[in-house]
Amino acid sequence: MNEKKNGKKGALIAVISVVVLIAAAAAAYLFFGPKTIAGDWELVVNPELGNETPDEAQSVEKVFYTFTKPGEYGDGTYKTYFDGGVEEGAYKLSEKDGKRYINMGTEDLEYRIEGVKLFKAAKLTITYPEFADEQTGQTAPSQDYIFEQAESPKYEKCSYKSYETDKALVGEWTTNERTLGYFSEDLSYTQTVKFTDKGIMTIHYQSDDLALDRYMYYAYTAENGELSFSLVTDPDTVYTVSYEVGGDGTLKFTEDNTSDSIFADSFFSDVVYSSAT
């Protein structure tokens, strides 16, 4: 009798274990499975780059996206990481006729997710539909942009191996005096420069005129009024400028002969930056 009871007890435990495993797998699938776009993705097939494979592309050319978990109505935000820069945007998910769509600020684009995210093997495909050019009469075929799960770069941790910081410089400095010549007019933008005590300098560009909101990350070292810095994706290219921190909470860069900002001009110019902290 005891053997039979023990046998039934063992079988019952085995059944319970299987049920628990199935429930756990189902929960994991619902949370990590194809229905959620949240997480980090690397763009591995970009029709705009022709036939270049991810292995052939340099690290500075790699593009990553991070999507937040969508809300009740499919709304969320995302970040794009590319060549030391980060841009932020909003997205919205929707469904129609059994297909899923994502709008990242332009139009509804069909998307699908294959594989299980729990195993870091999921693939995201976003399809731009066929496009007819009314002027030329030519039709461009639909294009698939394919993403694979991959951790987005941590630009905020890419400092020099050895660096110096200046307590007077650490903090945020901003100016709205920067302009960009565009044909016969000057487009203005706000530039905020942030120095951390971890050896990272961030330049934040904001402009309604340019529809711009971008962060650029640089490794830096500062000593004796001299600032040296490099884009975090290109540490071998070093720029050097002088700076002066005023007792009135102002910062000015001097001897700025650089010309490789995102606008192909000087990084800081000779304008005055005010403390934003």
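Residues numbered from 1 in each chain as written. Predicted model: local features only at pLDDT ≥ 70, side-chain atom pairs only at ≥ 80, totals over all residues. Heavy atoms only, no water.

Q: Teacher, can you tell me more about a negative patch on the surface here?
A: A surface patch of like charges, here negative, comprises Glu 185, Asp 186, Asp 208 and Asp 209. Tracing the backbone shows Asp 186 in strand S12 (residues 185–195). The exposed category is assigned to Asp 186, whose relative accessible area is 57%. (Patch = residues over 30% accessible without salt bridge, like charges linked within 9 Å, V, L, I, M, F, W, Y side chains within 5 Å. Areas by Shrake-Rupley, 256 points an atom, 1.4 Å probe, with all protein chains shown as cover. Salt bridge = Lys/Arg side-chain N within 4 Å of Asp/Glu carboxyl O. Lys, Arg positive; Asp, Glu negative; His and termini not counted. Charge placed at Lys NZ, Arg CZ, Asp CG, Glu CD. Helix = DSSP H or I, 4+ residues; strand = E, 2+ residues; numbered from the N terminus. Buried < 20%, exposed > 50% of the residue type's maximum accessible area, 1.4 Å probe, protein only.)

Q: Would you explain the packing of aromatic side chains in this entry?
A: Working definition: an aromatic ring pair is given by the centre-to-centre distance plus the angle between the planes. Under the definition given, this model contains 22 aromatic pairs. Judged by centre distance (5.4 Å) and plane angle (85°), the ring pair of Tyr 65 and Phe 147 falls under edge-to-face. Note that Tyr 65 is positioned in strand S2 (residues 63–67) and Phe 147 in strand S10 (residues 143–149), a separation of 82 residues in sequence. Look at Phe 147 and you get buried, because its relative accessible area is 5%. Arranged with centres 5.6 Å apart and planes meeting at 70°, the rings of Phe 229 and Phe 268 form a pair that is edge-to-face. Separated by 39 residues along the polypeptide, Phe 229 in strand S15 (residues 226–231) and Phe 268 in the loop between strand S17 (250–254) and strand S18 (272–275) bring together distant segments of the chain. By relative accessible area, which is 0% here, Phe 229 ends up buried. For Phe 268, a relative accessible area of 0% puts it in the buried group. (Phe/Tyr/Trp six-rings, centres within 6.5 Å; stacked < 30°, edge-to-face > 60°.)

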